[in-house]
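# Close look at the chain arrangement
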Amino acid sequence: MSSETAVSGNSRGSALSYPLPLEDALEPPAAWAVLREEAPVAPVVLPSGDGASLVTRYDDVRQVLSEPRCTRQLDADDAARVSANESGGVFNDSMAESLAGAGQQRWRRMLTKWFTAKRMTMLRPGIEAMTGRLVDEMVERGHPADLKACVGFPLPVWVICALLGVPDSDRDRFARWSDMLLNLTRYGQEEIDAAQAQFHAYMAGHLEAKRADPGDDLLSTLITTTDSDGGRLTDAELAATGQALLIAGHETTANMIGKMTAMLLADRTRWERLVADPSLVRTAVEEALRFDANPGFGMPRYVKEDVEVAGAEVPRGSTLVCSMAAANRDETAFEDAGRMRLDRSPNPHLAFGAGPHSCLGQSLARTELQTVLDVLLRRLPTLELAVAPEELRPVEGLVVGGLREVPVRW
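Summed over the entire model, instances satisfying the criterion amount to seven aromatic pairs. Measuring from ring centre to ring centre gives 5.2 Å for Tyr18 and Phe297, while their planes differ by 75°; the resulting arrangement is edge-to-face. A residue pair is termed long-range when its members are at least 10 positions apart, and Tyr18 in the loop between strand 1 (16–17) and helix 1 (31–38) and Phe297 in the loop between helix 13 (281–291) and strand 6 (299–303) qualify at 279 residues. Each member of the pair, Tyr18 as well as Phe297, carries the same accessibility label: buried. Ring centres of Tyr58 and Phe334 lie 5.5 Å apart, and the angle between their planes is 85°; this geometry places the pair in the edge-to-face category. Remark: Phe334 occurs in the loop between helix 14 (324–327) and helix 15 (362–379) and Tyr58 occurs in helix 2 (residues 58–66); sequence separation between them is 276 residues. The pair Tyr58 / Phe334 is uniform in exposure class, with both members buried.

One open sheet accounts for three strands, arranged 5-11-10; its pairing is antiparallel. Here the strands that pair on one side only, and so sit at the sheet edges, are strand 5 (145–146) and strand 10 (384–385).

On to the side chain of Arg301. Its place among the elements puts Arg301 in strand 6. Excluding residues that lie within four positions of it along the chain, Arg301 makes contacts with Val64, Leu65, Cys70, Thr71, Arg72, Leu74, Ser318, Thr319, Leu320 and His357.

Examined against the element boundaries, Gly49 turns out to sit in the loop between strand 2 (41–45) and strand 3 (51–55). You can call Gly49 partly exposed: its relative accessible area is 29%. Between the C-alpha atom of Gly49 and that of Val82, which follows or precedes it by 33 residues, the distance is 8.4 Å.

Quick look at the packing of helix 8 (residues 171–181) against helix 9 (residues 189–212) now. One way to put it is that helix 8 packs onto helix 9 with a least axis distance of 9 Å and a crossing angle of 135°. Accordingly, the angle class assigned to the pair helix 8 and helix 9 is oblique. Considering how the two elements wind past one another, helix 8 and helix 9 form a crossing that is left-handed. Contact with helix 8, carried on its side by Arg173, Phe174, Arg176, Trp177, Met180 and Leu181, involves Glu191, Ile192, Ala195, Gln196, Gln198, Phe199, Tyr202 and Met203 of helix 9 and no other residues of that element. For the contact of helix 8 with helix 9, the residue count by class is nine nonpolar, two polar and three charged.

Of all eleven residues in helix 7 (residues 154–164), nine are buried; the element is thus mostly enclosed. Once helix 7 finishes, Gly165 follows within two positions and takes phi at roughly 70°, a positive value.

Another aspect to go through is the sheet that holds strand 3. Ordered by their spatial adjacency, six strands build an open sheet running 1-2-3-9-6-4, and the pairing between neighbours is mixed. Edge positions in the open sheet fall to strand 1 and strand 4 (70–71), since each of these has one partner strand only. Helix-sheet contacts for helix 2 involve strand 3, strand 4, strand 6 and strand 9 (319–322), and the interaxial angle to strand 9 is about 125°.

This part covers the pattern of salt bridges. According to the stated counting rule, one finds 19 salt bridges in the structure shown. Across the pair Arg124 and Asp374 runs a salt bridge whose closest N-O atoms are separated by 2.4 Å. Here Asp374 lies in helix 15 and Arg124 lies in helix 5 (residues 117–141), a separation of 250 residues in the sequence. The exposure class of Arg124 is partly exposed, given its relative accessible area of 23%. On the basis of relative accessibility, which here comes to 21%, the residue Asp374 falls in the partly exposed class.

Let us look at the pairing of strand 2. Here strand 2 lies mainly inside the structure; five of its five residues are buried. Residues Val41, Pro43 and Val45 point to one face of strand 2 and Ala42 and Val44 to the other, with burial holding for every one of them. Relative to strand 2, strand 1 runs parallel, the two sharing two bridges. Note on strand 2: the bridge partner recorded for Ser17 is Val45. In terms of handedness, the path from strand 1 via helix 1 over to strand 2 forms a crossover that is right-handed. Pairing of strand 2 with strand 3, which is carried by five bridges, proceeds in the antiparallel orientation. For Val41, the partnering residue across the bridge sits in strand 3 and is Val55. Counting the residues between successive antiparallel strands, the hairpin from strand 2 to strand 3 contains five residues, one of them, Gly49, with a positive phi of roughly 95°.

About the thresholds
- Residue positions are given per chain, counted from 1 along the sequence in the order it is written.
- Whole-chain, interface and lining totals are the exception, using all residues; otherwise, since this is a predicted model, local features are given only for residues with pLDDT of at least 70 and side-chain atom pairs are given and counted only at 80 or more.
- As a rule here, side-chain values cover all heavy atoms of the structure and leave hydrogens and water aside.
- Within 6.5 Å between ring centres, the rings of Phe, Tyr and Trp (the latter by its six-membered ring) count as paired, and their orientation is classed by plane angle as stacked under 30 degrees, edge-to-face over 60, tilted in between.
- Only runs of H or I of at least four residues qualify as helices and only runs of E of at least two qualify as strands under DSSP, and these elements are numbered from the N terminus.
- Classification of residues uses two cut-offs on accessible area relative to the type maximum, computed with a 1.4 Å probe and protein chains only: under 20% is buried, over 50% is exposed, and between them is partly exposed.
- At least two bridges found by DSSP between two strands is the condition for calling them paired.
- The contact criterion used throughout is that any non-hydrogen atoms of two residues lie within 4.5 Å.
- An axis is simply a line fitted to the C-alpha atoms; with a helix, the fit covers only the stretch in contact. Between two such axes, the angle follows the N-to-C directions and lies from 0 to 180 degrees.
- Each angle gets one of four labels, with under 35 degrees taken as roughly parallel, over 145 as roughly antiparallel, 65 to 115 as roughly perpendicular, and the rest as oblique.
- Note: crossing handedness is left-handed where the near helix turns anticlockwise from the far helix by less than a right angle, and right-handed where it turns clockwise.
- Three categories are distinguished: nonpolar for Ala, Val, Leu, Ile, Met, Phe, Trp, Tyr, Cys and Pro, charged for Asp, Glu, Lys and Arg, and polar for the others, with Gly belonging to the last.
- We define a salt bridge as a contact between a side-chain nitrogen of Lys or Arg and a carboxyl oxygen of Asp or Glu at a distance within 4 Å.
- Looking down the strands as they point away from you, a crossover is right-handed if its path from the first strand over the helix to the second goes clockwise.

In structure tokens:
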């Protein structure tokens, strides 16, 4: 296919099924390189059966994510549904739509002060202490152990629950809702509807409790915070904030903790270099984010006006899917892109997106990843994979990518 060819969001032709299958949980699909070279705006068929176009080059992905004509209006009548359930998937979810449109930037401005580097530095001691406890528990149970289940999964939900002022006793429920709200093909509509209803009901009661007895958490603050015009967030927007933090902040970070550790242990010279020089932790985390070949679905955008991408005219009504991971392996943007370089700097990867809708909680994710890596290097310098890297199994059926388990010993 020529990049000059106009690609419609409804085009089928020789469309690939998307997400692309992984032959190896830590290695990129071979199709990425071919698509970047030959079909940078390629027709794909989503799990819903709807057609979309996949964008894989670094410059093009960055353009689409920053382009005002490429919107988050994924509830449009002619927008492609991501998954086959009635809601169309998490990107089309009605609660998420509470934060879309013009109000989204207002919401971001009101939350931004909670996700500054300074505040993340203040959170770090608590995250470090919790990581230490989780590692202690894992060591006490003995090896081999599943690092994802023991550390990667419980830590982010603890952090999100702390931010929202949710009691520790409710963490398991939040973890379950996170899994179901990120459905791609794993759960049926009845299960998703039940999870949505349970979460909405919980958040309504939680907000009422916070009004009666506010704490120093994010939701308590947002209940009384006003914007520059004196307006406050509605209950729907506050509930959507809780869901956004849960979806963006739990499963993605939980999976990245496991993938980052597996990537570093797959070639153990990487791990040994970090043990010898922990000052590389910050750049190593950034490189793990760039190098991640298994990030999940990517970021869909609805084209509300005709736009040109990679020399192709993409008509209004199309749906584009941006593969940030494929873009992060683009040799035109990163020297030696196919090699993991722990000291790579600068590293302008797109793991957290780009433009006005880039991930609001990226500083929190970075803090968690750096803290976990610091603790593991210090406490378990002899850590190694308990299986061959090619035996690691990818998560399937969810919007986010990850490993089912990360077996380790020490």
